[in-house]
Amino acid sequence: MTRNFSIKRGIDSDLDEQVEKAEEVVARMAELSHDAADALDLPVSEVKLDDAPVTIGGKVFRVTNKNDKAVLAAEKRGTFTRVSTTKGAITFTSNRLQLLSDEFNEFNIHVQNLTRVIVERMLGIVLGYTKYLLQIGDITSSLDALLALSHAALASSEPWTKPMFTEKKEIEVEELRHPILESQLVECVPNDVKMSEDRRLMILTGPNMGGKSTFLRSVGLCSLLAQIGSFVPAGIV
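Small disclaimer: the values here were computed from a predicted structure and weren't measured. (Residues numbered from 1 in each chain as written. Predicted model: local features only at pLDDT ≥ 70, side-chain atom pairs only at ≥ 80, totals over all residues. Heavy atoms only, no water.)

Trainee: Can you lay out the overall build of the protein for me, pointing to particular residues and giving the numbers?
Mentor: When helices and strands are tallied, the protein shows 6 helices and 6 strands. The order of α-helices and β-strands along the protein, N terminus first, is α-β-β-α-β-β-α-α-β-α-β-α. Its C-alpha atoms give the protein a radius of gyration of 34 Å, more than 25% over the compact-globule value 18 Å for 237 residues. When its C-alpha atoms are laid out on the principal axes, the protein stretches across 95 × 50 × 30 Å. Residues counted as buried form 28% of the 237 residues belonging to the protein. Of the contacts made within the protein by residues no fewer than 6 positions apart, 57% connect residues no fewer than 24 positions apart. For the protein, the accessible area works out to roughly 16,600 Å², and carbon and sulfur atoms hold 57% of it. The averaged location of the 33 negative side-chain charges in the protein is 5 Å from the averaged location of its 27 positive side-chain charges. (Helix = DSSP H or I, 4+ residues; strand = E, 2+ residues; numbered from the N terminus. Rg over C-alpha atoms; globule rule 2.2 N^0.38 Å. Buried < 20%, exposed > 50% of the residue type's maximum accessible area, 1.4 Å probe, protein only. Contact = heavy atoms within 4.5 Å. Areas by Shrake-Rupley, 256 points an atom, 1.4 Å probe, with all protein chains shown as cover. Lys, Arg positive; Asp, Glu negative; His and termini not counted. Charge placed at Lys NZ, Arg CZ, Asp CG, Glu CD.)

Trainee: I'd like a rundown of the pattern of salt bridges, residues and numbers included.
Mentor: Applying the stated criterion across every chain yields a total of 9 salt bridges. E103 is the partner of R28 in a salt bridge, and the nearest nitrogen-oxygen pair spans 3.7 Å. Of this pair, R28 sits in helix α1 (residues 13-40) while E103 is found in helix α3 (residues 95-127), placing the two residues 75 residues apart along the sequence. Residue R28 is classed as partly exposed on the basis of its relative accessible area of 39%. Taken together, the shared-partner salt bridges connect D68, E75 and R82 into one network. (Salt bridge = Lys/Arg side-chain N within 4 Å of Asp/Glu carboxyl O.)

Trainee: Give a description of the pairing of strand β3 (residues 81-85) that names residues and reports values.
Mentor: Examined bridge by bridge, β3 and strand β4 (residues 89-93) share 4 bridges and lie antiparallel to one another. In the strand pairing of β4, R82 is matched with F92. Turn length for the β3-β4 hairpin, with the two strands adjacent in sequence and antiparallel, is 3 residues. (Pairing = 2+ DSSP bridges.)

Trainee: Tell me about the nonpolar core, residues and numbers included.
Mentor: With 20 residues, the main nonpolar core has L40, V47, F61, V63, F80 and F92 as its most contacted residues. Sorting the residues of this core by element identifies α1, β2 (59-64), α2 (68-76), β4 and α3 as the ones contributing at least two each. If one sorts the elements of this core by residue count, α1 sits on top with 7 residues. In terms of nonpolar packing, the next biggest core, distinct from the first, is built from 11 residues, V193, F215, C222 and V232 among them. (Core = buried A, V, L, I, M, F, W, Y, C linked by side-chain atoms within 4.5 Å.)

Trainee: Account for the environment of L185, with residues named and values stated.
Mentor: Along the chain, the position of L185 falls in the loop between α5 (179-183) and β6 (191-195). What makes L185 exposed here is its relative accessible area of 74%. Between the alpha carbons of L185 and S157 there is a distance of 8.5 Å; along the sequence they are 28 residues apart.

Trainee: Tell me about helix α6 (residues 212-227), and please be specific about residues and values.
Mentor: Relative to the 22 Å expected for 16 residues at 1.5 Å per residue, α6 spans 23 Å between its end C-alpha atoms, a close match to the ideal helical length. The complete set of buried residues in α6 reads F215, S218, V219, C222, L225 and A226. Summarising the axial view, the buried residues of α6 lie within an arc of 135°, below the 170-degree limit, and thus occupy one face. In α6, those exposed residues whose orientation departs by more than 90 degrees from the buried face are L216, R217, L224 and Q227. Looking at the buried positions of α6, the neighbouring elements they touch are α4 (130-155), β5 (171-176), α5 and β6. (Expected span 1.5 Å × (residues − 1). Arc of directions from axis to C-beta.)

Shown next, in the form of C-alpha cells:
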C-alpha cells in the first residue's frame, strides 16, 4: 500500500517549489470551473472541481444529475467529455482541464518522490535513537500510571488506605468502596469483606440492582489496586 506524506513548508526548498507549482495549477483549474459554468449556463456554485479517478488522475468537473441535459448538449458540441455518471453526480472534463491535470500529475509525482526521500531520511535518523525513545516510553508510561493512581487517591472525597500484606491466605477489608462509582460522585455504601482458608465461600443475596455486582467488582478492583502498588478505597485493608 502506497503511503502519502505531507511535509510542512520550509523543510526543503525543492519540495516547496514543486508544491507551489502544483497549487498554481490547481488555481488555474478552479478558473476553468468558472468557464465550465458559463458553458453550461449554470451558476458557478453548481460546478465543483473534484479529484479524478486514480486511473485518470488530476481533477474533473462535477455537477448534479439534474444538469444532465446541459452536460449532454455540451458533449454534443465537443466542449466536454463525460468521465462518469453515478446516482448523484456527473463528472466530466475538457481538453484544457485534461492538460492541466496532466501537468498537475507531473508536479504531484515530483512532490511525492521528494517527500518520500525526506521521510526516509528522517526515519533513518530516528532509528538511531530507537533505544532511547523506547526507554522514554517506558518511563513516561510508568509515570503516567503512578500519577493516575495518586490522583485517584487524592481526589477522592473519602480517604484511600495503604494495604497491608501478610503470608496468610486471606483478604480482610473494612469500609470497602467502588473506586469508579466514587470518582463519579455516586453514593457508595461501604462494605466489609473477610475471607480466609476457613471461610472461602460467601453467598450474596438481594433484589435486582441491590448492589451485589458492585460489591463483587469492588473486591476485585481492591485486590488489583493493592497488587499493583496502589492505595485502595477502604478504611482498613
